[in-house]
Amino acid sequence: SAASDVYKRQPLGTLMVQLGAFSDKNTALEAWKRLSERYGDYFVDKEATILNGKIAEQEIYRLRVYGFNDINESRRLCTALHGQNAECYPVVMN
């Protein structure tokens, strides 16, 4: 799926995986395009979102995917992506 609705915030506690953090939105969108083309089979039935925030006054854009049934499913995705040398961290919407 496209990360078009990039600021769609999910409810607190939503299981997600973070695929990267970037200094601008366009870089995050490009990363999602690249990842979804390369690893599309891993993202079936998942939605992408880009959440903006700040770390030490620096704007950041977190690329995350959600739509997991449980924490084990998100961990399996990260294990598979780590096997492909891709960044992936299970997180919970906070």
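The sections below set out a description of the structure shown in this document. (Residues numbered from 1 in each chain as written. Predicted model: local features only at pLDDT ≥ 70, side-chain atom pairs only at ≥ 80, totals over all residues. Heavy atoms only, no water.)

When their charged atoms lie close together, side chains carrying opposite charge are able to pair. In the structure shown here, the tally under the stated rule is two salt bridges. Notably, a salt bridge pairs Lys33 with Glu37, separated by 3.3 Å at the nearest N-O pair. Here Glu37 and Lys33 lie together in helix H1 (residues 25-38), a separation of four residues that amounts to about one turn. The exposed category is assigned to Lys33, whose relative accessible area is 52%. Note that Glu73 and Lys46 form a salt bridge whose closest N and O atoms lie 2.9 Å from each other. Here Glu73, found in helix H2 (residues 71-83), pairs with Lys46, found in the loop between H1 and strand S2 (47-55); they are 27 residues apart in sequence, far enough to count as distant. Classification of Glu73 as buried rests on a relative accessible area of 16%. (Salt bridge = Lys/Arg side-chain N within 4 Å of Asp/Glu carboxyl O. Helix = DSSP H or I, 4+ residues; strand = E, 2+ residues; numbered from the N terminus. Buried < 20%, exposed > 50% of the residue type's maximum accessible area, 1.4 Å probe, protein only.)

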